[in-house]
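Here are the chains, one letter per residue:
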Amino acid sequence: MTRFAVTLVLALLVAPLATPGAAEEPPTQSEIEEALTCQCGCGLTVHSCNHLQCPSGEPMKDEIRRRLALGESRETILAAFAAKYGEKVLSSPTMRGFNWLAWITPFAVLLVAGTVVVIVVRGRLRHAPAPAPAGTPAPMDPGARARLERALSELDPDA
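Residues numbered from 1 in each chain as written. Predicted model: local features only at pLDDT ≥ 70, side-chain atom pairs only at ≥ 80, totals over all residues. Heavy atoms only, no water.

Q: Would you take a moment to explain the side chain of Glu63 for this structure?
A: Among the secondary structure elements, Glu63 is positioned in helix 3 (residues 57-69). Side chain to side chain, Glu63 and Lys84 meet in a polar contact 3.2 Å long. The contacts of Glu63, once residues within four sequence positions are left out, are Phe81 and Lys84. (Helix = DSSP H or I, 4+ residues; strand = E, 2+ residues; numbered from the N terminus. Polar contact = N/O pair within 3.5 Å; in protein donor to acceptor, adjacent residues only side chain to side chain. Contact = heavy atoms within 4.5 Å.)

Q: Is there a simple way to explain the packing of helix 3 against helix 4 (residues 74-85) in this structure?
A: Any two packed helices are characterised by the angle at which their axes cross and by the distance between the axes. Closest axis-to-axis distance for the helix 3/helix 4 pair is 11 Å, and the angle between their directions is 140°. In terms of orientation, helix 3 lies oblique with respect to helix 4. Read as a crossing pair, helix 3 and helix 4 show a hand that is right-handed. On helix 4, the residues that touch Met60, Glu63, Ile64, Arg67 and Leu68 of helix 3 are Ile77, Ala80, Phe81, Lys84 and Tyr85. In the contact of helix 3 with helix 4, the residues fall into seven nonpolar, no polar and three charged. (Axes fitted to C-alpha atoms, helices over the stretch in contact; angles between N-to-C directions. Parallel < 35°, antiparallel > 145°, perpendicular 65-115°, else oblique. Left-handed = near helix turned anticlockwise from the far one by under 90°. Nonpolar A, V, L, I, M, F, W, Y, C, P; charged D, E, K, R; others polar.)

Q: What exactly am I supposed to notice about unusual backbone geometry here?
A: Negative phi is the rule for most residues except glycine; trans is the rule for most peptide bonds. Positive phi outside glycine occurs at Gln53, with the angle close to 50°. Relative to the helices and strands, Gln53 resides in the loop between helix 2 (29-35) and helix 3. Overall, Gln53 belongs to the exposed group, its relative accessible area being 70%. (Buried < 20%, exposed > 50% of the residue type's maximum accessible area, 1.4 Å probe, protein only.)

Q: It is not clear to me how a nonpolar patch on the surface should be interpreted in this structure. Could you clarify?
A: Together, Met140, Leu148, Leu152 and Leu155 line one region of the surface with nonpolar side chains, adding up to about 410 Å² of accessible area. Relative to the helices and strands, Leu152 is located in helix 6 (residues 142-155). Take Leu152: its relative accessible area is 49%, and that puts it in the partly exposed class. (Patch = residues over 30% accessible without salt bridge, like charges linked within 9 Å, V, L, I, M, F, W, Y side chains within 5 Å. Areas by Shrake-Rupley, 256 points an atom, 1.4 Å probe, with all protein chains shown as cover. Salt bridge = Lys/Arg side-chain N within 4 Å of Asp/Glu carboxyl O.)

Q: Honestly, helix 3 in this entry has me stumped. Any pointers?
A: Within an α-helix, residues lying three or four positions from one another point in the same direction, as the helix has 3.6 residues per turn. End to end, helix 3 covers 18 Å across 13 residues, agreeing with the expected 18 Å (1.5 Å per residue, within 8%). Inspection of helix 3 places Gly57, Met60, Lys61, Glu63, Ile64 and Arg67 among the buried residues, and these make up the whole buried set. Taken end-on, helix 3 shows its buried residues confined to a sector of 165°, consistent with a single buried face. Here the buried face of helix 3 lies against helix 2 and helix 4. Directly after helix 3, the chain includes Gly71, whose backbone phi takes a positive value near 85°. (Expected span 1.5 Å × (residues − 1). Arc of directions from axis to C-beta.)

Q: Explain the pattern of salt bridges here, please?
A: Two side chains with opposite charge may pair up if their charged atoms get near one another. Counted under the stated rule, the structure contains six salt bridges. Between Arg65 and Asp62 there is a salt bridge, with its nearest N and O atoms 2.8 Å apart. Highlighted residues: Arg65 and Asp62, both in helix 3, separated by three residues, approximately one helical turn. Look at Arg65 and you get partly exposed, because its relative accessible area is 45%. Connected through shared salt-bridge partners, Glu63, Arg67, Glu72 and Lys84 make up one network.

Q: How should I be thinking about the state of the cysteines in this particular structure?
A: Working definition: the covalent bond between the sulfur atoms of two cysteines is a disulfide. What the rule picks out here adds up to zero disulfides. Cys49 forms no disulfide, and the closest cysteine sulfur to it belongs to Cys38, at a distance of 3.7 Å. (Disulfide = S-S within 2.5 Å.)

Q: How should I be thinking about the packing of aromatic side chains in this particular structure?
A: Centre-to-centre distance and the angle between the planes together describe a pair of aromatic rings. Counted under the stated rule, the structure contains one aromatic pair. Relative to Tyr85, the ring of Phe81 has its centre 6.1 Å away and its plane inclined at 10°; by these criteria the two rings are stacked. Separated by four residues within a single helix, Phe81 and Tyr85 lie in helix 4, roughly one turn from each other. Judged by relative accessible area, which is 0%, Phe81 ranks as buried. On the basis of relative accessible area, Tyr85 is assigned to the partly exposed category, the value being 26%. (Phe/Tyr/Trp six-rings, centres within 6.5 Å; stacked < 30°, edge-to-face > 60°.)

Put into structure tokens, the structure is as follows:
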């Protein structure tokens, strides 16, 4: 990759982060509903809860609708629900406190498992017997060789 291409890619990646005063799009109802877990015990997000007239999901949807009408931001709405129900209401854990383990653990497990697999495979390949070169007969036990010569001599008595 040329230096120009690398610079261009970096500029395109950093540009959205560096624009000061960029107008943030207002959150949508379904976006907020997907960020919250329904408290009825179904384990789904508020948006995905399939209970008819859910005693937890429906009031939460109404409150989200009301807060959006007041012009509150996504973070403000989610913080209000977290204050009311606890952090368990958030569908994805925050990166604060002990929760960072929920984000890092899957990647750490994959990294460790991959490393173990590579070490085991390399170890087995290193200790595997080398294959015999093509055209070289495999060594034969003397008893088997004697039986083979006897069987061949019975087939061809002239030899």
